[in-house]
Amino acid sequence: MNDDSKIDFRARRAAFDWLRRQVSEDGVVEHDVVSQGIRHQGQQLPLLNVKGGIHIPRGMDLPLSIRTSPRSQYDNKLGTDHRLRYQYAGTDPEMWVNVAMRTAMENSTPLIYFHGIENWRYVALWPVFVIDDSPDDLTFTIACEHAAFVDKVLEHEDAGW
């Protein structure tokens, strides 16, 4: 493991540990809490990107988290198979964030998935993993079966948000 990988691993682990203490009993976390994030090695590490769905924090090479919101232009859906079909950022498979997602898949990098429910609140699932890339469909498949609170997300999917 090179130095960059060790830094990424430590930051990711710190984020997972911190998140575990922040979520409510049903997996819900407030936007302000995760957008502020944690202090890690003297730097602020927000856990999600306010502007987009795929979040690669400053100083990291691979995504830390992905998110969806009820008002999203993207049709990201978690199926009963506990697989999330997550659309690419934009329509270019070679866009840098899509390449980073593909690299996360190749490296089996664990991510956090923030599923927006209402009023800037999310159900947090982690660890989740990118397990497939479909450039023809502009979609990644994310495995969520080992994450807690999957049923809570499926409840929201069934309710149509």
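Anyway, here's the lowdown on the structure attached to this text.

How each quantity is defined
- In every chain, residue numbers begin from 1 and rise along the written sequence.
- Predicted model: local features are reported for residues with pLDDT of at least 70 only, side-chain atom pairs are reported and counted for 80 or more only, and whole-chain, interface and lining totals are derived from all residues.
- Only hydrogens and water are set aside; all other atoms, that is, all heavy atoms of the structure, feed into the side-chain values.
- Throughout, exposure labels follow a simple rule: accessible area from a 1.4 Å probe, protein chains only, divided by the maximum for the residue type, with under 20% read as buried, over 50% as exposed, and the rest as partly exposed.
- Numbered from the N terminus, helices here are DSSP runs of H or I no shorter than four residues, and strands are runs of E no shorter than two.
- Should DSSP find at least two bridges between two strands, the strands are regarded as paired.
- Throughout, a residue-residue contact means that at least one pair of heavy atoms, one from each residue, lies within 4.5 Å.

## Remarks on the pairing of strand E8 (residues 111-118)
Then, number 1: Most of E8 sits inside the fold, with 7 of its 8 residues counted as buried.
Then, number 2: As paired strands, strand E5 (residues 65-68) and E8 are joined by 4 bridges and run parallel to one another. Bridged to serine 65 within E8 is isoleucine 112.
Then, number 3: Judged from the 6 bridges that link them, E8 and strand E9 (residues 121-134) form a sheet pairing that is antiparallel. The residue of E9 that forms the bridge with glutamate 118 is arginine 121.
Then, number 4: Between the antiparallel neighbours E8 and E9 lie 2 residues, among them asparagine 119 with a positive phi of about 45°.

## A look at the side chain of threonine 109
Then, number 1: Structurally, the position occupied by threonine 109 is in the loop between helix H3 (96-106) and E8.
Then, number 2: For threonine 109, a relative accessible area of 8% translates into the label buried.
Then, number 3: Leave out the neighbours within four places in its chain, and threonine 109 touches Arg12, Leu62, Ala104, Val128 and Phe129.

Geometric values such as these leave the question of function open.
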